[in-house]
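Observations on the model geometry
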Amino acid sequence: AFLDACGADFYLSLPAARARNADMPRRIVFVCTGNSCRSPLAEVLARARYADLPLIFASAGTDAVAGQPASAEASAVARERGLDLEAHRWKPRT
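In this report, the structure presented in the accompanying data block is examined. Note that residues are indexed from 1 along each chain, following the sequence as it is written. For a predicted model such as this one, the threshold for reporting local features is a pLDDT of at least 70, and the threshold for listing and counting side-chain atom pairs is 80 or more; totals across whole chains, interfaces and linings nevertheless cover every residue. Derived side-chain values reflect all non-hydrogen atoms in the structure, with water molecules and hydrogen atoms excluded from consideration.

**Looking at the overall build of the protein chain**
Heads up, the condition is: Secondary structure elements are defined from DSSP: runs of H or I of at least 4 residues count as helices, runs of E of at least 2 residues count as strands, and each element is numbered from the N terminus. Three exposure classes are used, based on accessible area relative to the maximum for each residue type with a 1.4 Å probe and protein chains only: buried under 20%, partly exposed in between, and exposed over 50%. Note on contacts: a residue pair qualifies if any of its non-hydrogen atoms lie within 4.5 Å across the two residues. Per-residue and other accessible areas follow the Shrake-Rupley method at a 1.4 Å probe size, with only the shown protein chains counted as cover for residues.
Broken down by element type, the protein chain carries 3 helices and 2 strands. Listing the helices and strands of the protein chain from first to last along the sequence gives α-β-α-β-α. Relative to its 94 residues, the protein chain shows a buried fraction of 38%. In the protein chain, of all internal contacts separated by at least 6 residues, the share reaching a separation of at least 24 is 70%. A total accessible area of about 5,700 Å² is found for the protein chain, and carbon and sulfur atoms account for 52% of it.

**Details of the pattern of salt bridges**
How we decide: A carboxyl oxygen of Asp or Glu within 4 Å of a side-chain nitrogen of Lys or Arg is what we treat as a salt bridge.
Counting across every chain of the model gives 3 salt bridges. Note that R47 is salt-bridged to E43, the shortest N-O span being 2.6 Å. One end of the pair is R47 and the other is E43, both in helix α2 (residues 38-49) and 4 residues apart, which spans about a single turn. Assessed through its relative accessible area of 8%, E43 is described here as buried. A salt bridge links E80 to R81, with the nearest nitrogen and oxygen atoms 3.6 Å apart. You'll find E80 and R81 in the same group, each marked exposed.

Given below as structure tokens:
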């Protein structure tokens, strides 16, 4: 429910992540179209929520133009939750 609100699919059993290879980080990539609002917001929300797990979060876009900042709206939502998207730059999916 946490990430469903962001429009991101999150297919990871968190208890299983703790039990399996607890010292080996898992990489989770959130992908949307532009990498300007949904996926970067899901990335920072997940990073904050699951900071205690050995997970690496990233985001990318299927149609992103590299180097552009997150949208002003996504940055405002992040700030409202005490998070920061100012350093985010669009990344195309590779």
